[in-house]
Amino acid sequence: MKPRFLYILLALLLTTELNASHITGGEMYYTWDGVSGSNYQYTVTLKLFQRCGSGRQFPNPIIISIFDKGTGARVNDYQVSIDNTTTISITNPDPCISNPPEVCYDIAFYTFSVSLPASQEGYVIASQVNYRINGINNLTGSGNVGATYTAEIPGINAVVSGPQNNSATFDGNDLVIVCAGNNFNYSFGAQDADGDQLRYSFCSAFNSTTTGGGTSVPPNAPPYPPVPYNFPDFDQDRPLGNAVSIDATTGLITGLAPNGGIYVVTICVEEIRNGSVIAVQRKDLQINVADCNVASASLLPEYYLCKNTQTISITNLSVSPLILTQDWEIKDNTGSVIHTTAGFVMTYTFPSIGVFTIKLVINRNQQCADSSESTIKVFPGFHPDFSSQGICFTKPTLFRDFTTSVYGVPDTWTWDFGEPTVISDISTLQHPTYTYPTMGTKNVRLIATDTKGCRDTVIKTITIIDRPPIALAFRDTLICVNDVLTLLAGGSGTFSWTPPINIINANTATPTVSPITTTTYYVDIDDNGCKNRDSVKVNVVDHVTLSAMSDTTICKGDTIQLRVRSDGLQYAWTPAANFINPLVKFPLAITHTITDYTVTATIGGCVATDQIRVTPIPYPAVNAGPDQVICYNKAALLSGTTDGSSWQWSPPSRVNAPTVLQTLAYPPRTLDFILTAFDTKGCPKPGRDTMTVTVLPKMRVSAGHDTAVVIGQPLHLQATGAENYSWSPAIGLSNVFIDNPTAIYNEPSAGIRYKVIGSDSYGCKDSAYVWVKVFRAGPVVFVPTGFTPNNDGLNDILRPISAGMKEIEYFRIYNRWGQLLFSSVSNAKGWDGLVNGQPQSSGTFVWMVKAIDYMGKAYFEKGVVTLIR
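From a predicted model like this one, the values you see are computed outputs, not experimental measurements.

## Focus: the overall build of the protein
Helices and strands together make up the secondary structure of the protein, namely 0 helices and 74 strands. Along the first, second and third principal axes, the C-alpha set of the protein runs to 155 × 105 × 65 Å. Relative to its full complement of 869 residues, the protein shows a buried share of 46%. For the protein, the proportion of contacts with a sequence separation of at least 24, taken over those separated by at least 6, is 63%. The distance from the centre of the 57 positive side-chain charges to the centre of the 69 negative ones in the protein is 14 Å.

Pasting the structure below:
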C-alpha cells in the first residue's frame with residue numbers, strides 16, 4: 001500500500017467511575033538521574049488522557065505508589081500534583097476519509113522525583129482509577145472494571161546495572177483515527193535511552209485492586225488482576241479480534257479494525273539487556289473505532305484457501321463512497337500475471353495449489369488513488385481438531401491434537417484453555433495437559449498452522465466438574481434366585497465394584513452378579529485420581545407374585561385394558577393376536593368372542609401364570625330409518641327400529657315424542673336426528689344411528705306486478721320461483737299450465753285477480769297473485785290529479801298508470817319555474833313529494849309522460865297535479 005497518514009480512530013478511554021469516567025488512557029515512564037550516596041535517583045511521570053470538552057477536570061493530586069517487586073512490600077505512597085497540561089488535536093483530517101470524527105485530547109503530566117536503593121528484584125510503580133465506562137466491546141461488565149497503570153524499575157538480579165535504567169518511552173502519535181472495517185497501521189514503538197533491545201506484545205490490561213474511590217485510593221501490591229475479556233471473540237492476545245496483530249520488533253499494530261465501539265488495548269514492551277528481560281513497561285488505551293471510511297485499497301494480510309475449495313471471492317475491505325474504480329490482478333509464484341479483472345468483487349478459481357499474490361488498485365490516476373498487495377495460499381484440506389480427556393478440576397486434562405493437512409504438516413499449536421481466573425492457561429505443545437483450578441464450562445481454543453502457511457481456529461466447549469459422572473442403566477432391579485445379571489455402568493475411568501459377593505469381572509464397567517439374597521452393589525470410578533461412587537440394588541426373590549383381575553364383560557368390539565397385580569419383570573399374554581402389545585403388564589385387548597386370556601409373568605427363572613375370561617356383549621341394534629327431504633316448514637315422520645329396551649330421539653326439542661320410535665319432527669333447517677337405544681343384556685353402552693332430514697329452502701313464487709291493458713292488447717304474464725305452474729281463473733289465458741301464458745281480452749274489466757300455484761319435484765308448493773285491469777279506450781297513460789304524501793299509506797306516491805303501453809320512455813315532474821324535480825321510466829316508480837330529501841310545499845306541479853304503445857306508436861301527454869299537505 002502506498003504510505004499515507006492512515007487515521008484509525010483510537011479514542012483513548014480509561015478506567016472510570018463518576019469521578020474518573022473522563023480519563024481515556026494512560027502510561028507511566030521514568031528517567032534515571034544518577035546516584036546519590038547509595039540511592040538511585042529517578043524522575044517519574046504519569047501521563048493521563050481525557051477528551052477535549054468533557055467538562056471534567058483531571059484528578060489533582062493523584063496517588064502513585066511504589067512497591068518492592070520481589071516482596072510486594074509497599075515502599076511509599078505519593079500524592080502528586082499536575083506538573084503541566086497540553087492539548088493535541090487533528091485540524092486537517094485526510095480528505096480521503098469519509099465522515100472523519102473529531103479527535104482532540106487534553107493531556108496531564110504528573111511528575112515527581114524519588115530516591116530508591118538498589119533492590120534484588122526491582123520496583124513496581126503503580127496508580128489506579130475506578131471505573132471504566134459501561135459498554136466496552138471487548139470486556140464483560142466494564143462499568144465495574146477499573147484500571148491500573150504501572151512502570152517497572154529493574155533490580156540487580158537480572159543484570160548488575162539494572163537500577164541504572166531509563167524506562168522505554170512510547171513515542172507514537174496519539175492523534176489517530178480508526179475507521180470500522182478498514183485496514184490500519186498504528187505505531188506503538190518506543191525509545192530506550194539505554195539502547196536496550198525492545199520486544200512488543202499485546203498483554204492483559206490491569207484491573208484496579210480496590211472498589212470505589214476513583215483516583216483517591218492507593219492501589220494494592222502487585223500482581224494486578226487482569227480485566228475480564230469478552231471471550232471467545234476477544235482476549236489479552238486479541239484485544240481487537242483475530243484480524244489485528246502487533247509486530248514484536250517494531251511495535252506496529254496492523255490489521256482490519258473491528259466493528260464500531262470502544263476496545264481496551266494494552267501494549268507491553270520488554271526491555272532486554274544482555275539477553276535478559278530487566279523490565280516491562282505498559283501503555284493502556286481504550287480505543288474508539290469510529291463509523292467512518294478510508295478510501296483505500298484494503299486487503300487482509302493473507303488469504304487462505306485451506307479448506308475444501310480453490311475458489312475465492314475478495315472485496316475491498318474499504319467501502320468508502322470515494323472509491324470510483326477498482327482493478328485487480330493475480331500473479332503466480334514466478335511473478336507472471338494469471339488473471340486480471342475490474343469491479344468491486346474479484347472471484348477466481350485457482351487451477352492449482354500454491355502461493356499467489358493479489359494486487360488491488362483503486363482510483364487509478366485519480367484523487368485518493370491507492371494500491372495494496374496480499375498473499376493467497378491455496379492448499380485445501382487443512383482441518384484443525386482436537387479431543388480432551390479428563391473432566392475434573394484440580395486433576396490433569398489431556399488435550400490431543402487431531403489437526404490434519406493434505407499438502408502440509410501441522411507445525412504450530414496455540415492453545416487457550418478458557419480458564420477465566422488466570423492468564424497462564426495457554427500452551428504451544430501439540431498434546432498439552434492442563435489442570436483447571438475451577439469448575440464450570442470452558443471454551444477451549446486451538447489455533448493451528450501447517451508448513452504451507454495455513455492457519456485456522458477451532459473452539460470447543462468442555463465442562464469441568466468435581467467428580468466424574470457414572471451412567472447406570474438401572475439403580476434398582478429384581479432377579480430370581482440363581483439368576484445371573486449383568487450390571488451396566490458408563491463413564492470415563494477405572495471401575496471397581498463391591499462387595500465381592502457372587503460377582504465376576506468386578507473391575508469392569510459390566511460385571512455379572514448372581515446374589516442369593518438382596519444385595520446393594522457399589523461402583524467406584526477413578527479418572528486420574530478424580531473419583532465418584534454410585535450403587536445398584538439387586539432384589540432377589542424365589543417366586544413371582546401374580547394375581548389377575550376378575551372375569552369381566554365388555555361391549556363387543558371395544559378395547560379393554562387387562563390388569564394384574566404382580567412383581568414380575570416380563571409379561572406375555574395369549575392369544576397375542578388380540579393385543580395391541582402382548583408384552584406389557586397392562587395390555588389393551590380387542591375381544592369379539594368369549595376369550596380366556598392367559599398371562600405369564602417372569603423374573604429371570606421364576607415364572608407364574610393366571611387367566612382372565614372376557615365375554616363380549618353386542619351393542620343394542622339401532623336403525624334410525626332412511627334420510628328424508630321435506631318442504632320448508634313441514635314435519636318429517638321419523639320411523640326407527642331397535643332391539644333395545646329403551647330409546648330416545650335427539651335433539652328432543654325438535655321431536656314431538658322423543659321416546660316413541662315413530663314420531664313427527666319439526667326441523668327449522670337441515671338437521672341430523674339420532675336414535676339412541678339401551679338394553680339390559682350386559683353391554684352398558686348405547687347403540688346409536690343417525691338419519692338426516694334435509695329441509696328445502698322456502699319457495700318464493702311470483703306472478704309479476706299488477707298491470708293494465710286495453711281490449712285486444714296481448715298481455716304476457718310471467719311466473720317465477722317453481723318448476724311447475726297452474727293459473728286460475730283461465731279467463732283469456734292461452735295455457736294455464738305454463739309459466740308465461742298470453743292473455744287477450746275482448747271486453748273491459750275492472751280487474752281480474754289471477755292466482756298461480758307453483759310446485760317443485762318434491763311436491764313443495766307456493767302461490768302468488770296478479771291484478772289485470774282491461775280498458776275499453778285505446779292505449780293511454782293515466783296520471784292522478786292530486787296526491788297527499790303524508791306517509792299514511794294512502795295516495796302517498798304519484799305514479800303513472802299505463803294501459804296498452806309497451807314501454808314508458810319517461811315520466812317527469814316540473815315545478816312552476818320549469819325545474820325538473822323527478823324522472824322515472826317505470827310504472828312502478830313514482831314521486832314521493834321530496835326533492836333531495838326535502839319535502840315540497842303544497843302546490844301545483846306539471847307532469848309529462850312519453851311512452852310507446854303495444855303497436856309501436858309513440859305516445860305523449862302532459863298535465864298538472866296538485867300536491868296536498
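## As for the sheet that holds strand β64 (residues 749–759)
Pairing within the open sheet is mixed, and its 4 strands lie in the order β60-β65-β64-β62. Only two strands of the sheet have a single partner each, and these edge strands are β60 (707–710) and β62 (724–728). Each adjacent strand pair in this sheet contributes to an overall mean axis angle of 30°, direction not counted. Relative to β64, β62 is paired through 5 bridges, and the arrangement is antiparallel.

## Comments concerning the sheet that holds strand β37 (residues 485–486)
One open sheet holds the 3 strands; their spatial order is β37-β41-β40, and the pairing between them is antiparallel. Pairing within the sheet leaves two strands with one partner each, and these edge strands are β37 and β40 (503–504). Looking at chain direction, β40 and strand β41 (residues 512–513) are connected through 2 bridges and run antiparallel. Bridging across to β41, I504 finds its partner in T512.

## With respect to the side chain of T266
Considering the arrangement of structural elements, one finds T266 in strand β16 (residues 261–273). Judged by its relative accessible area of 1%, T266 is buried. Among all residues touching T266, those that are not within four sequence positions of it are S201, F202, C203, S204, A205, R282, K283 and D284.

## Some details on the state of the cysteines
By the definition in use, this model includes 9 disulfides. Paired by a disulfide, C96 and C368 hold their sulfur atoms 2.0 Å apart. Of note, the bridge from C96 to C368 carries an S-S torsion of about -100° and is left-handed in sense. Highlighted residues: C96 in the loop between β5 (82–89) and β6 (97–98) and C368 in the loop between β24 (354–362) and β25 (370–378), separated in sequence by 272 residues. Each sulfur in the disulfide pair C392 and C530 lies 1.5 Å from the other. The S-S bond linking C392 to C530 shows a torsion near -70°; that makes this disulfide left-handed.

## Side note on the packing of aromatic side chains
What describes a pair of aromatic rings is the distance from one ring centre to the other and the angle between the planes of the rings. Considering all chains together, one arrives at 22 aromatic pairs under this definition. With centroids separated by 4.8 Å and ring planes inclined at 15°, the aromatic side chains of F417 and Y434 adopt a geometry described as stacked. Within this pair, whereas F417 is found in the loop between β30 (410–416) and β31 (426–427), its partner Y434 is found in strand β32 (residues 433–435), the two being separated by 17 residues in sequence. Residues F787 and W831 carry aromatic rings whose centres are separated by 5.8 Å and whose planes lie at 55° to one another, so their mutual orientation is tilted. Placement of F787 in strand β67 (residues 786–787) and of W831 in the loop between β70 (820–824) and β71 (834–835) is noted, with a sequence separation of 44 residues between them. Sitting over the ring of Y769, R753 keeps its end group 3.5 Å from the ring centre. Of note, R812 hangs over the ring of Y810, and the distance from its end group to the ring centre comes to 3.7 Å.

What counts and how
- Within each chain, residues carry numbers counting from 1 in the order of the written sequence.
- Reporting of local features is limited, given that this is a predicted model, to residues whose pLDDT is at least 70; pairs of side-chain atoms are given and counted only at 80 or more, and all residues count toward the totals for whole chains, interfaces and linings.
- Side-chain numbers come from the whole structure's heavy atoms, not from hydrogens or water.
- Each helix corresponds to a stretch of at least 4 residues labelled H or I by DSSP, and each strand to a stretch of at least 2 residues labelled E; elements are numbered beginning at the N terminus.
- Three exposure classes are used, based on accessible area relative to the maximum for each residue type with a 1.4 Å probe and protein chains only: buried under 20%, partly exposed in between, and exposed over 50%.
- Pairs of residues are marked as contacts when any of their non-hydrogen atoms sit within 4.5 Å.
- Note on charges: Lys and Arg go in the positive column, Asp and Glu in the negative column, and His and the chain ends are not counted at all.
- Charge positions are represented by NZ for Lys, CZ for Arg, CG for Asp and CD for Glu.
- Only strands that DSSP links by at least two bridges are regarded as paired with each other.
- Fitted lines through C-alpha atoms serve as axes, helices being fitted only where they are in contact, and the angles separating the N-to-C directions of these axes extend from 0 to 180 degrees.
- Cysteine sulfur atoms that pair up within 2.5 Å are treated as a disulfide.
- The rule is short: rings of Phe, Tyr and Trp, with Trp giving its six-membered ring, pair when the centres are within 6.5 Å, and they are stacked under 30 degrees, edge-to-face over 60, tilted in between.
- Put simply, a charge is over a ring when the Lys NZ or the Arg CZ is close to the ring centre, within 6 Å, and near the line of the ring normal, within 35 degrees.

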